[in-house]
Amino acid sequence: MAATCFVNLILNNACPPKPPIFGSFRSSAASLEIGSFSNPSQFSLFTKAKVYGTSRSRRRHKLGIRSVFTGIVEEMGEVKQLGVADHGGIDLKIRAKTVLEDVKLGDSISVNGTCLTVTEFDEEEFTVGLSPETLRKTSLEELDAGSPVNLERALQPVSRMGGHVVQGHVDGTGEIVSMEVEGDSLWVKVKAEKGILKYIVPKGFVAVDGTSLTVVDVFDEEGCFNFMLVAYTQQKVVIPRKRVGQKVNLEVDIMGKYVERLLTVGGSVGF
């Protein structure tokens, strides 16, 4: 009952609308060729905050929650194009099948764990816009044409909660530091910054590239955690297709953040 109430609470509030892309920066962006980028450094133009004429101390907006996900990947899509669009922003075009069955403009789709808004679609592919903050915060800038991506549609109130509550708000990226085979399973160890690792606990949940996974161990001295992928999962998600040294998107369990918030300021707000 408590879990149902929590999901309903989240569903009534998740994924914020994407902010306008680039604004007055459009004239500089227009000089770049539309297409996929094979070198992530080419995105450095878009991932540095000072380029947009705003400071690092940007004002925080109150963001309502419109959508949540479960971390159970529905299908792997294929990146068709990543680059600058006619409007001056960055568009990501993905070939898919399952997530297009009932898609509408404005729907939220989790792409490697990042909640993104559908701006165009047809029977074979859909397009989402990437804001500068999304490029800074996630590993999406590393995608090339042909890259596989995890896809999941937003949770509906009648859906089974097969994984855990995933908002699609990436907390940051981690780096794969080892991948070891044991039988038909795959051990993966990921290095994460302290601000993320503090929310990760053994036997707890974490979303890695949008996949709901159970943490096996946390290695505080190494700044790492690990998890195991069974044979079935390896066939359904993109993580096994990555290499040591590549980035993954990380989102920690929101419950830990709520608890921390209540313990930190609860007394001052009447709890």
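Some thoughts on the overall build of the protein chain
Then, in step 1: Each helix and strand in the protein chain was counted, giving seven helices and 13 strands.
Then, in step 2: A total of 271 residues make up the protein chain; the buried ones form 47% of that total.

Topic: the packing of aromatic side chains
Then, in step 1: The full count for this structure, using the stated rule, is one aromatic pair.
Then, in step 2: Residue placement shows K189 over the ring face of F219; its charged tip is 4.3 Å from the ring centre.

Quick look at the sheet that holds strand β9 (residues 205-208)
Then, in step 1: Taken together, the seven strands give an open sheet; going across it, the order is β10-β9-β13-β7-β8-β12-β11, and neighbouring strands pair in antiparallel fashion. Edge strands, defined here as strands with exactly one partner in the open sheet, are β10 (211-214) and β11 (217-219). Averaged over all neighbouring strand pairs, the angle between strand axes comes to 35 degrees, with direction disregarded.

Section: the nonpolar core
Then, in step 1: If you look at the biggest cluster of nonpolar residues, it comprises 23 residues, and the most contacted ones within it are V188, I200, V208, F225, F227, I239 and L250.
Then, in step 2: Listed in part, the 22 residues of the second largest apolar core include L92, A96, V111 and F126.

Looking at a negative patch on the surface
Then, in step 1: On the surface, E120, D122, E123 and E124 cluster together into a patch of negative charge.
Then, in step 2: By relative accessible area, E124 is classed as partly exposed at 49%.

Examining the environment of T211
Then, in step 1: Tracing the sequence through the fold places T211 in strand β10.
Then, in step 2: Of the residues examined, T211 reaches a relative accessible area of 4% and is grouped as buried.
Then, in step 3: Taking the C-alpha atoms as reference points, T211 and N249, separated by 38 residues in sequence, lie 9.6 Å from one another.
Then, in step 4: Discounting chain neighbours no more than four positions away, the residues touching T211 are G71, V73, N150, V206, V237 and I239.

Digging into the pattern of salt bridges
Then, in step 1: A full pass over the atoms with the stated rule returns nine salt bridges.
Then, in step 2: Taking the shortest distance from any N to any O, the salt bridge between K93 and E125 comes out at 4.0 Å. Of this pair, K93 sits in strand β2 (residues 90-95) while E125 sits in strand β5 (residues 125-130), and the two are 32 residues apart along the sequence.
Then, in step 3: Taking the relative accessible area as the measure of exposure, E125 reaches 18% and is therefore buried.
Then, in step 4: Taking the shortest distance from any N to any O, the salt bridge between E222 and K189 comes out at 3.1 Å. With E222 in the loop between β11 and β12 (224-229) and K189 in strand β8 (residues 185-191), this residue pair connects regions lying 33 residues apart in the sequence.
Then, in step 5: Relative accessible area serves as the criterion here: at 18%, K189 is assigned to the buried category.
Then, in step 6: The network of salt bridges with shared partners includes E74, D102 and R153.

With respect to the confidence of the model for the protein chain
Regions with low pLDDT carry predicted coordinates that are not meant to be interpreted in detail.
Then, in step 1: Of all residues in the protein chain, 72% attain a pLDDT of 70 or more, and the chain-wide mean is 81.
Then, in step 2: pLDDT under 50 marks residues 1-42. Its contacts with residues more than four places away, or in other chains, come to 85 contacts.
Then, in step 3: For residues 44-64, every residue scores under 50 in pLDDT, and the model assigns this stretch 36 contacts once sequence neighbours within four places are set aside.

Quick notes on the side chain of Q234
Then, in step 1: Within the element layout of this structure, Q234 appears in helix α6 (residues 231-236).
Then, in step 2: Residue Q234 is classed as buried on the basis of its relative accessible area of 17%.
Then, in step 3: Within the structure, the side chain of Q234 is placed 2.9 Å from the backbone oxygen of D184, a separation counted as a polar contact.
Then, in step 4: Separated by 3.0 Å, the side chain of Q234 and the backbone oxygen of L229 make a polar contact.
Then, in step 5: In this view, Q234 contacts D184, S185, L186, L229, P240 and R241; residues no more than four positions away in its chain are not counted.

Considerations on the pairing of strand β3 (residues 108-111)
The two faces of a sheet get side chains in turn, since along a regular strand they alternate between them.
Then, in step 1: Across the two faces of β3 the burial is the same, with S108 and S110 and I109 and V111 all buried.
Then, in step 2: Here β3 folds back onto strand β4 (residues 114-121) in antiparallel fashion, the turn holding two residues, of which N112 has a positive phi close to 50 degrees.
Then, in step 3: The pairing of β3 with strand β6 (residues 148-153) spans three bridges and is classified as antiparallel. Considered in β6, the bridge of I109 is made with R153.

Reading the values: the criteria
Residues numbered from 1 in each chain as written. Predicted model: local features only at pLDDT ≥ 70, side-chain atom pairs only at ≥ 80, totals over all residues. Heavy atoms only, no water. Helix = DSSP H or I, 4+ residues; strand = E, 2+ residues; numbered from the N terminus. Buried < 20%, exposed > 50% of the residue type's maximum accessible area, 1.4 Å probe, protein only. Phe/Tyr/Trp six-rings, centres within 6.5 Å; stacked < 30°, edge-to-face > 60°. Lys NZ or Arg CZ within 6 Å of the ring centre and 35° of its normal. Pairing = 2+ DSSP bridges. Axes fitted to C-alpha atoms, helices over the stretch in contact; angles between N-to-C directions. Core = buried A, V, L, I, M, F, W, Y, C linked by side-chain atoms within 4.5 Å. Patch = residues over 30% accessible without salt bridge, like charges linked within 9 Å, V, L, I, M, F, W, Y side chains within 5 Å. Areas by Shrake-Rupley, 256 points an atom, 1.4 Å probe, with all protein chains shown as cover. Salt bridge = Lys/Arg side-chain N within 4 Å of Asp/Glu carboxyl O. Lys, Arg positive; Asp, Glu negative; His and termini not counted. Charge placed at Lys NZ, Arg CZ, Asp CG, Glu CD. Contact = heavy atoms within 4.5 Å. pLDDT = per-residue confidence, 0-100. Polar contact = N/O pair within 3.5 Å; in protein donor to acceptor, adjacent residues only side chain to side chain.

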